[in-house]
Amino acid sequence: MSSRGGRQSMSELRYRRLLEHNQRLREDLARPRIRVSEASASLIRHCKTTKDHLVPSVWGPVQKAEDPYAPQGSRGPTCCSIQ
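Cut-off values and rules
Residues numbered from 1 in each chain as written. Predicted model: local features only at pLDDT ≥ 70, side-chain atom pairs only at ≥ 80, totals over all residues. Heavy atoms only, no water. UniProt positions renumbered as here; feature names shortened; annotations may be inferred. Helix = DSSP H or I, 4+ residues; strand = E, 2+ residues; numbered from the N terminus. Areas by Shrake-Rupley, 256 points an atom, 1.4 Å probe, with all protein chains shown as cover. pLDDT = per-residue confidence, 0-100. Salt bridge = Lys/Arg side-chain N within 4 Å of Asp/Glu carboxyl O. Buried < 20%, exposed > 50% of the residue type's maximum accessible area, 1.4 Å probe, protein only.

You'll find the protein entered in an unreviewed UniProt entry as Guanine nucleotide-binding protein subunit gamma, with Paxillus involutus ATCC 200175 given as the organism. Regarding the protein, the UniProt comment filed under Subcellular location (unreviewed entry) reads as follows: "Membrane". According to the UniProt record, the Subunit (unreviewed entry) comment for the protein reads "G proteins are composed of 3 units, alpha, beta and gamma."

Structure, rendered in structure tokens:
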């Protein structure tokens, strides 16, 4: 009798796993999607309009006031501090 109970619990466990997997698949199916062409056009548009300070060969030299990566004189030490 105990072996049958073990089989039943294993089948219930498999059934629960299948239900969970089915639920994840339904969530994936419901996720909003866009076409690859739209996503790539959006990425190209972003790269052309957003100035990247780390690529001066494309955008030209960056003024120190505009460069968020340049050390600022009034911001404190220019190197790392360990506390």
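(A) Representation of the overall build of the protein. From N to C terminus, the protein includes three helices and zero strands. Written out in order from the N terminus, the α and β elements of the protein read α-α-α. Carbon and sulfur atoms make up 56% of the accessible area of the protein, which totals about 8200 Å².

(B) Summary view of the confidence of the model for the protein. On average, residues of the protein score 82 in pLDDT, and 80% of them reach the 70 mark or higher. In the model of the protein, helix H3 (residues 56-59) stands out as the element of lowest mean pLDDT, 78, in contrast to helix H2 (residues 36-49), which has the highest, 93.

(C) Representation of the pattern of salt bridges within the structure. Here the structure, examined in full by the defined rule, presents one salt bridge. With a shortest N-O distance of 3.0 Å, aspartate 28 and arginine 31 are connected by a salt bridge. Of the residues examined, arginine 31 reaches a relative accessible area of 45% and is grouped as partly exposed.

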